[in-house]
Amino acid sequence: MTLDRRTLLKTSLAAVAPGALWTTSARAAAAGVGDKELVLGTHLDLSGPVAIAMPVIRNGIQMRIDEANEAGGINGRKLRLVIEDNASQPSQAVRAVDKLIRKDEVFALLCPFGSGPNVATVKKAVDAGVVCFAPYAASGLVRQAAGQTPLLFTTNLNYDSTTSAAVKWATGNLGSKKVGFIYQEGPFGDLVGKGVKAALAAKGAPLAAEASYKVGDLDFSSHVARMQAAGVDLIVCATTTRETIAVAAEVKKLGLAGVNVLTASPGRAGLTIALGKDAMEGVYGVGTWRIATPDQATAAEKSWAEGYRKRFKAEPDDVAAAFYDYTSWFLQEVRNAGRDLTTDKLVKALQASTFKGVSSYDTQRFANNHIDPEWTRVEQVVQGRWTARSSVVDPAKSAL
């Protein structure tokens, strides 16, 4: 990637509002677009505290790319995905993105993982003219960090609005009166907390107790004890897989009858049940994509699941399905952008696109480069499965 190209892109982007069509006359050759190959990149936590959840994410992305390559590629090009380790550390993510941009010259970053890593790197990527598609992170904070750019497309539902809707549902349907909050320090916890407090403020109720933890912490006994001392009947968690299990297990260990646990969307996953087993029974979660039980699966879901089993010799996973869908949406519009692929052609194609995948509750599109509607529902673990407890709604327009 040349300095001339980077300067040209930065000059063009400065005049473009978020979500607007990229209609400048500048047409720089896109990095990563060869005659026979399209180079994509991502950075995931392969060695840090969330590494346990990465195989299914990686499988979902890779499965769709492999399918495209097995079908001959897209518009005459095979796809190559370069994966770097960010270890959930912003500083390591910066090094990873530097390498992806400078050495690998990727055309786009596809589903990079982590709020901290994405907040630290997204501006660097878009300033270099690299599309950042579907970062799995706190979308509002990533968009803020990126500045005014049409090159960022966020598909992760906002943690504040979706959690707020779920807490309102819990106070109305579970009769929760005293709400406690256990949260990961940093962007993720801040946004979930914003949603919790907004829901309680709407009912004129204060937060009864809160306790924070650092990424990598595993002992939540003191956190849950603080909730017990405050007499809470609902614990809302801004936690990922291991931490959600740890909180739920501690609640059961202490025998806190009548205390419900509600995890924000990152903790509501099939992997959380697979690892947590009985500890997760009865836990509520903020659902942002569909988890189909075998008796509910559509023909498309059954076909995808069978393909996943054959390819990875493992049972299909809902998170894998979601990342398969994100990749499918991206590749759908790479195809629609045509053989003469440029960044601005892809941006326009994505902004005009609609999509419904194997894990989608319903059809979605981009509004100002963010996924819309933000379909959400509350679910509960019943006999080892996430089971719907509310209808699917757009929190911006309807209550759960």
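Structure: see above.
None of these values were measured; they are calculated from a predicted model.

A. Region of interest: unusual backbone geometry. A cis amide bond, omega -5 degrees, links Asp372 with the succeeding residue Pro373. We note that Asn75 has phi near 50 degrees; this positive angle belongs to a residue other than glycine. Within the element layout of this structure, Asn75 appears in the loop between helix H2 (54-70) and strand E2 (78-85). For Lys277, which is not a glycine, the phi torsion comes out positive at approximately 50 degrees. Inspection of the secondary structure assignment puts Lys277 in the loop between helix H10 (270-276) and strand E10 (284-287).

B. The arrangement of the packing of aromatic side chains in detail. A full pass over the atoms with the stated rule returns 17 aromatic pairs. With a centroid separation of 4.9 Å and 70 degrees between ring planes, the pair formed by Tyr213 and Phe220 is classed as edge-to-face. Assigned by exposure class, Tyr213 and Phe220 land together as buried. Aromatic side chains Phe323 and Tyr326 sit 5.3 Å apart centroid to centroid with 75 degrees between the ring planes, which places their arrangement in the edge-to-face category. One end of the pair is Phe323 and the other is Tyr326, both in helix H12 (residues 318-337) and 3 residues apart, which spans about a single turn.

C. Representation of the packing of helix H4 (residues 115-127) against helix H5 (residues 139-146) within the structure. Running from amino to carboxyl end, H4 crosses H5 at an angle of 40 degrees, the nearest separation of the two axes being 8 Å. In terms of their interaxial angle, H4 and H5 are classed as oblique. Of the two elements, H4 crosses H5, and the hand of that crossing is right-handed. Two secondary-structure elements touch here, H4 through Asn118, Val119, Val122, Lys123 and Val126 and H5 through Leu141, Val142, Ala145 and Ala146. Of the residues contributing to the contact of H4 with H5, the split by class is 7 nonpolar, 1 polar and 1 charged.

D. Region of interest: the sheet that holds strand E3 (residues 108-110). Ordered in space as E2-E1-E3-E4-E5, the 5 strands form an open sheet in which the pairing is parallel. Every other strand in the sheet has two partners, leaving E2 and strand E5 (152-153) as the edge strands with one partner each. Its contacts with the sheet place helix H3 (residues 90-102) against strand E1 (37-44), E2 and E3, and it is angled at close to 150 degrees to E2.

E. View of the sheet that holds strand E7 (residues 209-213). Strand order across the open sheet formed by 7 strands is E7-E6-E8-E9-E10-E14-E15, with mixed pairing between neighbours. Sheet topology places E7 and strand E15 (385-388) at the edges, where each strand pairs with a single neighbour. Pairs of neighbouring strands in the sheet enclose a mean axial angle of 25 degrees, with direction left out of account. Pairing of strand E6 (residues 179-184) with strand E8 (residues 234-238) involves 5 bridges; the strand directions are parallel. Along E8, the bridge assignment pairs Phe181 with Val236. Across the sheet, helix H7 (residues 187-202) touches E6, E7 and E8, and the angle it forms with E6 is around 165 degrees.

Rules used in this analysis
- Per chain, the residues get numbers from 1 upward, laid out in the order the sequence is written.
- Thresholds applied to this predicted model are a pLDDT of at least 70 for local features of residues and 80 or more for the giving and counting of side-chain atom pairs; totals over whole chains, interfaces and linings are not thresholded and use all residues.
- As a rule here, side-chain values come from all non-hydrogen atoms in the structure, and water together with hydrogens is ignored.
- Secondary structure elements are taken from DSSP: a helix is a run of H or I of four residues or more, a strand is a run of E of two residues or more, and numbering for both begins at the N terminus.
- The pairing test for Phe, Tyr and Trp rings, Trp by its six-membered ring, is centres within 6.5 Å, and the orientation test on the planes gives stacked under 30 degrees, edge-to-face over 60, and tilted for anything in between.
- Relative accessibility under 20% of the residue-type maximum defines a buried residue, over 50% an exposed one, and the middle range a partly exposed one, all with a 1.4 Å probe and only protein chains included.
- Every axis in this analysis is a line fitted to C-alpha atoms, fitted for helices over the stretch in contact. Angles between the N-to-C directions lie between 0 and 180 degrees.
- For classification purposes, an angle smaller than 35 degrees is called roughly parallel, one larger than 145 roughly antiparallel, one from 65 to 115 roughly perpendicular, and anything else oblique.
- Should the near helix be turned anticlockwise from the far one by less than a right angle, the crossing is left-handed, and should it be turned clockwise, the crossing is right-handed.
- It only takes one pair of heavy atoms within 4.5 Å for two residues to be counted as in contact.
- Classification convention: Asp, Glu, Lys, Arg as charged; Ala, Val, Leu, Ile, Met, Phe, Trp, Tyr, Cys, Pro as nonpolar; all other residues, Gly among them, as polar.
- We call two strands paired when DSSP finds no fewer than two bridges between them.

These figures come from the coordinates and say nothing about function on their own.
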